[in-house]
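Each chain, letter by letter, is given below.
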Amino acid sequence: MSFESLLFQAVNGLASASGLFLVAAGLSIIFGVTRIVNMAHGSFYMLGLYLAVTLAPLLGETVGGALGFWGGIVAAALVTAGLGALVEVVLLRRIYAAPELYQLLATFALLLIINDAALYFWGPEDILGPRAPGLSGSVEFLGRHLPQYDIFLALIGPIVLIGLHIVLTGTRFGRLVRAATQDREMVAALGINEAVLFTAVFALGTGIAGLGGALQMAREPANLALDLSVLGDAFVVVVVGGMGSLRGAYLAALLVAEVKALCTALGVVEVAGITFNMSRLTLVAEFLVMAVVLVIRPHGLFGRPQPAAARRGEAEAPLVPLGPRGRLVALAVLAFFAGIPLFSAFASYAPVLALDMVIAALFAASLHLLMGPGGLASFGHAAYFGLGAYGTACAATVLGLPTPLALVIGIATASAGAVLFGWFCVRLEGVYFAMLTLAFAQIVWSIAYQWEEVTGGSNGLFGVWPDPPFDSANGLYLAALAVTLAGLVLIRRLVFAPFGLALRAARDSRLRAEASGIAVEKVRWLAFALAGTLCGAAGGLFAFAKGSISPEAISVGRSIDGLVMVLLGGVNSLTGPLLGAGGLTLLQDMVMRESAYWRALLGLIILAAVLLFPAGLAGGLRRRRAP
Amino acid sequence: MTAPVLKVSALTKRYGGVQALDGVSFAIAPGELLALIGPNGAGKSTCFNIVNGQLRPDSGHVRLIGSGTAGRDITGLAPRRIARLGVGRTFQVATVFGSMTALENVQMALIAARGQVFGLWRPARDLARQEALDLLEQTGMAAQAGRPAASLAYGDVKRLELAMALAGEPRLLLMDEPTAGMSAGERHDMIALVRQLTRVRGLAVLFTEHSMDVVFGHADRVVVLARGRLIADGSVEAVRDDPAVREVYLGGIPVGGRNER
């Protein structure tokens, strides 16, 4: 590695930092005022890019190339801001008073819908934009050619940072934004029109994200994976920089982008006789940056500890063990599922579908352990599903281990991952916890995607077939049923054991729990590890059920499926996630496979669930039964 | 005076340019009901939060003294560690575990005090049940044992919190405004209950309080802070007649005199 290549990568890193900053800044401003973490923020970045590559050539035809290019960028940012304002008025206004989890899910539903809308309008192929007129050349510096456009982008970040600073400190609008960030109630009490302020802030935030996307026109093609990858990066930046701090966001974006650039510049290095391809380790580097910052400053570089979020809504009713009737119902359901192989003679699809349901049940139940009794909504549960699946698949194919042992290896992999990531996650609560879990899941996904030698890259691993007697549909199904049942019994025991009581205590009142001598972080860490372990079992079973595992199957969509299952079933009950898992699996099997736009469909289901049944299906049933 | 339970020596704490605490020292003996009072901004909360571990002082020490030992320095220890060393506490706005019954709340506190939190298999239902019922009995909450904590009246939540703070046989109880938010009748009942518990259990209680009726009607001793300094430490009578105390409160008008005279 030479000094020149380092410099080249450093400029490249500065350009990336600007893009990251524009997304994170909007996210941060919107959260500051509305207290909503906009999961669809990456989607507005993606929309900005798609709009720019469409509008720039269109404008170019009428007003000429240069004006068309720059006009296209400005127009894309403005249209994105307009769409943001529309979304705020139509959707967000209805959920400002809803619990955090529902807000996160609703904006995630928006992400799904926008993604399918982009698929509908622009198609699945990547679209490359025109190059920047006047900036397509390069500047010679120390004998190295630095692209002019990268230098221009590197300057955009600080320019926007200064611009936002001037707006926030020098204008009436900016003062209102800062006042609302500090004390929303007070601003409302002073007679400020909150509705207009919120719409304006959302439009500003999404407009900046759209600008960030549009500016990438000359660097990268518009594609449908951008929304999630940008969101994951933005979360890392916001967690590292500290929520609500624009300086922090820029510094964190710089730190993350430069560390990645440095890894790329280092290339292949040899340490103690082992060769590392550093350019493949950019995501691990990102994780290490985040880990180091969070250990030293748990609230980020410029973040302040947030006051403990008061739990909104009613407290749950005390949990009671199943009565005789409940036990009877549980046994009947179990008997039904155990008897499924009997139907396989005339409905060969029955055990296959039932296998999917059983795996989904274990997945959802493990997430529920964290979300329900723990009160911690993980948006990255797919990570442990993926670790379990890949661990199992590697053990079965590469190492050629027998089926049960391969599953154990997969579970151990997931467990180790949950112990490591959990240590960081349990230091945070609420939306911060959600963001960090999602960021970790993105990292696991990227490793699966990038580490081709072990994971098979984007194709994944194939030929993960179980040995006899698990090689038949019925054999594997019964084994999966047994594992799931064991998992459910364990979760049920945990919830009523002292540990489960302590977990609920920490959720109800962290202050009181600490004052009673409960080590809240340790309790949560163990819950995180156990949930990850059980989720790993579901992942391992999944690998055997499909005979393969690919990054697609462990993407954020998987995490969200889990959240939807728990939400559909109701967070407040232990049977809820099981109902939700069964329901969503059936729905996916029967309806969604038929449609090319199943993401949007899922998004609409989530929105309907959030807006119509805030307590979930099981919650609705219980309410009806109550006098 | 017998050996104290808690000894606070030369606590100092600054916030930027404000000297919140300036060399505050006092001690509290077993069975003693000690009130910590002072006008707004006197440093009560700072002092209280240093003792319970939520704040770390700039200098000075908090020492918890066991039977026959020289004492353990608990300065800056995490609240949950201080709790496990035998210090119970209640909050100004009482908090309990809303999703559990009153009985489960106290069971939880007992389980935590015994270090059984990481039990993963055996149900918690039968753990420490009798002890929990006894504590509810002592705090007058026995009839409410099976009710969800979220459905209790505020006065009962305060009693439940007291029962939880008593789990694990603490030697010292820290109560931040134990009667805040209660009606006059409830106030008297609450403080009488605490008074009785200190006698029966030899428990030391350090409390802050805004209600002068409660302080001068029930405390054994009163410590008065003003602008971060300790200006008086003595019996109710001595403090009431202290000219310095009269000066900071109400500019010379006798303190706590409404009911007594």
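Residues numbered from 1 in each chain as written. Chains lettered and ligands numbered in written order. Predicted model: local features only at pLDDT ≥ 70, side-chain atom pairs only at ≥ 80, totals over all residues.

A. Molecular detail of helix 6 (residues 184-201) of chain B. Residues and elements named next belong to chain B. Between the first and last C-alpha of helix 6 there are 26 Å, a value that for 18 residues agrees with the 26 Å anticipated at 1.5 Å per step. What helix 6 keeps buried is the set Arg187, Met190, Ile191 and Val194. Each buried residue of helix 6 lies within a common arc of 90 degrees when the element is viewed along its axis, so the set occupies one face. Seen from the open side of helix 6, the exposed residues pointing more than 90 degrees away from its buried face are Gly185, Ala192, Gln196, Arg199 and Val200. For helix 6, the secondary structure elements touched by its buried residues are helix 5 (154-166), strand 8 (204-208) and helix 7 (212-218). Looking one or two residues past helix 6, Gly202 carries a phi angle of roughly 65 degrees, positive in sign. (Helix = DSSP H or I, 4+ residues; strand = E, 2+ residues; numbered from the N terminus. Expected span 1.5 Å × (residues − 1). Buried ≥ 20, exposed ≤ 12 C-beta atoms within 10 Å, placed from the backbone. Arc of directions from axis to C-beta. Contact = placed C-beta atoms within 7 Å.)

B. Layout of the sheet that holds strand 3 (residues 33-37) of chain B. Residue and element names in this part refer to chain B. With mixed pairing, six strands are arranged side by side in an open sheet as 6-7-8-3-9-10. In this open sheet, the two strands that pair with only one neighbour each are strand 6 (87-90) and strand 10 (229-235). Strand-to-strand, the axes of this sheet are offset by a mean angle of 15 degrees, without reference to chain direction. The pairing of strand 7 (residues 172-176) with strand 8 spans five bridges and is parallel. (Pairing = 2+ DSSP bridges. Axes fitted to C-alpha atoms, helices over the stretch in contact; angles between N-to-C directions.)

C. Here's a closer look at unusual backbone geometry. Here the bond from Pro468 of chain A into Pro469 of chain A is cis, since omega is 5 degrees, no more than 30 degrees from zero. Tracing the chain through its elements places Pro469 of chain A in the loop between helix 18 (452-455) and helix 19 (473-496). A positive phi angle, near 65 degrees, is found at Arg35 of chain A, a position not held by glycine. The backbone phi angle of Arg227 of chain B is positive, close to 45 degrees, even though this residue is not glycine. When you line up the elements, Arg227 of chain B lands in the loop between strand 9 (221-226) and strand 10.

D. Representation of the packing of helix 2 (residues 41-63) of chain A against helix 4 (residues 100-122) of chain A within the structure. All names here are of chain A. Look at helix 2 against helix 4: their axes get within 10 Å of each other, and the N-to-C directions meet at 15 degrees. Accordingly, the angle class assigned to the pair helix 2 and helix 4 is roughly parallel. You can see that helix 2 and helix 4 cross each other, and the crossing is left-handed. Judged by residue contacts, Ser43, Met46, Leu47 and Tyr50 of helix 2 engage Leu110, Leu111, Ile114, Asn115, Ala118 and Trp122 from helix 4. (Parallel < 35°, antiparallel > 145°, perpendicular 65-115°, else oblique. Left-handed = near helix turned anticlockwise from the far one by under 90°.)

From the geometry alone we can't say anything about function, so treat these as descriptive.
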